[in-house]
Amino acid sequence: MLSAFARTLRTTLSKSTTAHTANKLRAMSSQAPASVRDAKGLHLVTQKVQVALEELKDAYETEWTTTLVDISTNEQKLPWFIALNPNGRIPVLVDNTVQPPFSVMESGAELLYLAKKYDLEDKFGFKDEFERNDALQWLFFQNAGVGPMQGQYNHFNNFAPEKIPYAIKRYHDETLRLYEVLELRLTGKYNGSSPREYLAGAGKGKYSWADISTFPWVNISQFSGLTEDEIAKFPAVKAWLERILARPAVKRGLNNYKKQG
C-alpha cells in the first residue's frame, strides 16, 4: 500500500504542477527519512520552532511531529533536505495538511506561517494593526539582529578553529548592545511607558510570536559566552526570560523534542 505521501506524489506529478514542486516532492519521496516522507499534518525537520508548535498544541490541540537532523554530519546538505530548503539550514517546517505538502524555510517565516494558518484566534498575535506591526518589528529585530549577532559570537567564541580576538569582541559587544535594546524596551525607560512583561502589544504587552522568536537566544546567553555579571545588567530581560521559561509549552519544547520523531 502506498503511503499518504507517495499517493500525493503520484497524484501531484500526474497533474500540471510546476517543475519546482514536482522536483521537490520527487526528491523528498526518494531520499528523505521515512519519518519525513510518511508524516501527516505539521512536521518539523530538526530542533527549532518546537516551542511555537507546543504552544499551538496547548491552545488549539494542533498535532505535529518532528525529525531530528544531525548538523554535525552535514545531513542538512543532503539532496532531500536541499529539496526542502535550498539554503541547507535548519529548521524546515513541512505542512502536510495541504496538497502538495508545503515547506517553509527560515524560522521567522515559519512563525509567520503558523500565525497566519494555525493561530486563527490570534492567541499569540494581534488583531489590532498597530499591535500586529509592533510584534513584527520585534520579530524582525530578532531575525536581523539578536540571532545573527549572537550566532556569530557563539561561533567565534565556541567553535571557530582559531581564536580571533577582534571577531569575538566585536560580536560579544554587539550582543550586549542588543540585549540593552531589549532591556530598554521592557523597562520603558526612554518612552515614558510603564515596565512591560512582553515585547509587543499595548500596556504590559502580550506573549506573542515576537517573544517566541527571541527568547531562545537569550536562553543560551551563557553558553554563547556572556557572564552572569554581564547578564545581571539586564534585570528586565532576565525577568522576561524567567516568565517565558515557566510556561508548560516552553518547558516541553526545550526539553522533550529529543524524544520525538
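In this text, all values refer to a predicted model and were calculated from it rather than measured experimentally.

A. Inspection of the pairing of strand 4 (residues 102-105) at higher detail. In terms of strand pairing, strand 3 (residues 92-95) meets strand 4 through four bridges, oriented antiparallel. By the bridge assignment, Leu93 is partnered in strand 4 with Val104. Count of turn residues in the strand 3/strand 4 antiparallel hairpin: six residues.

B. Region of interest: unusual backbone geometry. A cis geometry characterises the amide bond from Ile90 onward to Pro91, with omega recorded as 0 degrees. Within the secondary structure layout, Pro91 lies in the loop between helix 5 (79-84) and strand 3. The linkage connecting Gln99 with the following residue, Pro100, adopts the cis geometry, with an omega of -5 degrees. Of note in this structure, Glu106 is not a glycine but carries a positive phi near 75 degrees. In this fold, Glu106 is placed in the loop between strand 4 and helix 6 (107-117). Taking the relative accessible area as the measure of exposure, Glu106 reaches 41% and is therefore partly exposed. At Asp122, a residue that is not glycine, the phi angle is positive and equals roughly 55 degrees. With respect to the helices, strands and loops of the structure, Asp122 is situated in the loop between helix 6 and helix 7 (129-159).

C. Examining the nonpolar core more closely. Grouped together as the largest cluster of nonpolar side chains are 49 residues, with contacts concentrated most on Leu93, Leu114, Tyr207, Trp209 and Trp240. Elements with a minimum of two residues in this core: strand 1 (42-45), helix 4 (50-60), helix 6, helix 7, helix 8 (165-187), helix 9 (209-219) and helix 12 (235-245). If one sorts the elements of this core by residue count, helix 8 sits on top with eight residues. Residues in contact with Leu114, not counting those within four places in the same chain, are Leu42, Val49, Ala52, Leu53, Leu56, Leu93, Asp119 and Trp209.

D. Structural view of the sheet that holds strand 3. Pairing within the open sheet is mixed, and its four strands lie in the order 2-1-3-4. Looking along the sheet, the strands with just one partner apiece sit at the ends: strand 2 (64-67) and strand 4. Ignoring which end each strand starts from, the neighbouring axes of this sheet average 20 degrees apart. In this structure, strand 1 lies alongside strand 2, joined through four bridges in parallel fashion. The partner of Val45 across the bridge, within strand 2, is Thr67. Across the sheet, helix 4 is in contact with strand 1, strand 2 and strand 3; its angle to strand 2 comes to roughly 160 degrees. Lying on the sheet, helix 6 is in contact with strand 1, strand 3 and strand 4; it crosses strand 4 at an angle near 135 degrees.

E. Quick look at the environment of Pro86. Mapped onto the elements, Pro86 comes out in the loop between helix 5 and strand 3. Exposure remark for Pro86: the relative accessible area of 61% places this residue in the exposed category. Spatially, the C-alpha atom of Pro86 lies 8.7 Å from that of Met105, the residues being 19 residues apart in sequence.

F. Representation of the packing of helix 6 against helix 9 within the structure. Relative to each other, helix 6 and helix 9 sit at 150 degrees, their axes nearing to 10 Å. As judged from the angle between their axes, helix 6 and helix 9 are roughly antiparallel. Remark: the crossing between helix 6 and helix 9 carries right-handed chirality. Across from Leu111, Leu114 and Ala115 in helix 6, the residues of helix 9 making contact are Trp209, Ile212 and Ser213.

G. Geometry of the packing of aromatic side chains. For the structure shown, the criterion picks out nine aromatic pairs. For the pair Tyr179 and Phe234, a centre-to-centre distance of 6.1 Å together with 65 degrees between the ring planes defines the contact as edge-to-face. Of this pair, Tyr179 sits in helix 8 while Phe234 sits in the loop between helix 11 (228-231) and helix 12, and the two are 55 residues apart along the sequence. Through a chain of ring-to-ring contacts, the aromatic side chains of Phe124, Tyr198, Tyr207 and Trp209 assemble into a single cluster. The aromatic ring of Tyr60 is capped on one face by Lys123, whose charged end is 4.8 Å from the ring centroid. Above the ring of Tyr198, the side-chain terminus of Arg243 is found at 5.9 Å from the ring centroid.

What counts and how
- In every chain, residue numbers begin from 1 and rise along the written sequence.
- In view of the model being predicted, local features appear only for residues whose pLDDT reaches at least 70, and side-chain atom pairs are presented and counted only at 80 or more, with totals across whole chains, interfaces and linings using the full set of residues.
- Side-chain numbers come from the whole structure's heavy atoms, not from hydrogens or water.
- For two strands to be treated as a pair, DSSP must find no fewer than two bridges joining them.
- Each helix is a run of H or I in the DSSP string that is no shorter than four residues. Each strand is a run of E no shorter than two, and both are numbered from the N terminus.
- A simple rule labels every residue: compare its accessible area, found with a 1.4 Å probe on the protein chains alone, to the largest value its type can have, and call it buried under 20%, exposed over 50%, or partly exposed in between.
- By convention a nonpolar core is built from buried Ala, Val, Leu, Ile, Met, Phe, Trp, Tyr and Cys residues, the set being connected through side-chain atoms within 4.5 Å.
- The contact definition used throughout considers only heavy atoms, calling two residues in contact when any of these lie within 4.5 Å.
- Angles here are taken between N-to-C directions and fall from 0 to 180 degrees, while the axes themselves are lines fitted to C-alpha atoms, restricted in helices to the stretch in contact.
- Roughly parallel means an angle under 35 degrees; roughly antiparallel, over 145; roughly perpendicular, 65 to 115; everything else is oblique.
- Handedness of a crossing is defined here by the sense of rotation of the near helix relative to the far one, left-handed for an anticlockwise turn of less than a right angle and right-handed for a clockwise turn.
- Any pair of Phe, Tyr and Trp rings, taking the six-membered ring for Trp, is counted once the centres come within 6.5 Å. Such a pair is stacked with planes under 30 degrees apart, edge-to-face with planes over 60 apart, and tilted for the rest.
- In this analysis the charged atom, NZ for Lys or CZ for Arg, is taken to sit over a ring once it is within 6 Å of the ring centre and within 35 degrees of the ring normal.

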